[in-house]
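Each chain, written out:
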Amino acid sequence: MSSIEFDFELANKQAEQLDALAAELGKLSTKSFDSTLQSLSSNWKGDSATAYLNKGAALQTRMNTTVKNMGTVAGSIRTIAKIIYEAELAAKREAEENSYRG
């Protein structure tokens with residue numbers, strides 16, 4: 001039972017770490033990156049500036065998509081861990097019941 005709980009806790013801890021990384025990337029994308037792009041757009045003009053800012057905006061979009069995907073993966077880890085945990089508990093109960101009968 002303790003090994004089952006440990007694996008479940010480990011999976012949930014890893015999902016939490018993934019959520020924390022996603023939150024940091026989200027902050028970087030929305031706060032730091034936004035202010036950097038705004039500063040560039042107000043201080044740099046011309047075709048090169050426009051091209052660079054467009055690439056920056058595309059990168060920011062990809063970063064935000066990655067944040068959402070990381071959240072989805074973390075949720076999937078939690079869901080799968082719970083399913084496995086419950087299945088292992090059921091199998092353990094079944095084995096215990098069979099050992100008492102036999």
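Residues numbered from 1 in each chain as written. Predicted model: local features only at pLDDT ≥ 70, side-chain atom pairs only at ≥ 80, totals over all residues. Heavy atoms only, no water.

**Observations regarding the nonpolar core**
Consideration 1: In terms of nonpolar packing, the biggest core is built from 5 residues, these being Ala-15, Leu-18, Ala-22, Met-70 and Ala-74.
Consideration 2: At the level of secondary structure, the elements contributing two or more residues to this core comprise α1 (2–43) and α2 (47–101).
Consideration 3: The element best represented in this core is α1, accounting for 3 residues.
Consideration 4: In contact with Ala-22, not counting residues within four places along its chain, are Val-67 and Met-70. (Core = buried A, V, L, I, M, F, W, Y, C linked by side-chain atoms within 4.5 Å. Buried < 20%, exposed > 50% of the residue type's maximum accessible area, 1.4 Å probe, protein only. Helix = DSSP H or I, 4+ residues; strand = E, 2+ residues; numbered from the N terminus. Contact = heavy atoms within 4.5 Å.)

**Re the pattern of salt bridges**
Consideration 1: Tallied over the full model, the rule gives 4 salt bridges.
Consideration 2: Measuring nitrogen to oxygen at the nearest pair gives 3.8 Å for the salt bridge that ties Lys-27 to Glu-24. Highlighted residues: Lys-27 and Glu-24, both in helix α1, separated by 3 residues, approximately one helical turn.
Consideration 3: The partly exposed category is assigned to Lys-27, whose relative accessible area is 44%. (Salt bridge = Lys/Arg side-chain N within 4 Å of Asp/Glu carboxyl O.)

**With respect to the packing of aromatic side chains**
Consideration 1: Applying the stated rule across the entire model yields 2 aromatic pairs.
Consideration 2: For the ring pair Trp-44 and Tyr-52, a centre distance of 5.5 Å and an interplane angle of 50° mean the geometry is tilted.
Consideration 3: Residue classification places Tyr-52 among the partly exposed positions, given a relative accessible area of 47%. (Phe/Tyr/Trp six-rings, centres within 6.5 Å; stacked < 30°, edge-to-face > 60°.)

**Overview of the environment of Thr-79**
Consideration 1: One can find Thr-79 in helix α2.
Consideration 2: Note on Thr-79: relative accessible area 46%, which makes it partly exposed.
Consideration 3: Through-space distance from the C-alpha of Thr-79 to that of Ser-99 is 30 Å; in sequence the pair is 20 residues apart.

**Concerning the side chain of Ser-29**
Consideration 1: For Ser-29, the position within the fold is in helix α1.
Consideration 2: Setting aside chain neighbours within four positions, we find Ser-29 in contact with Asp-34, Gln-60, Met-63 and Asn-64.

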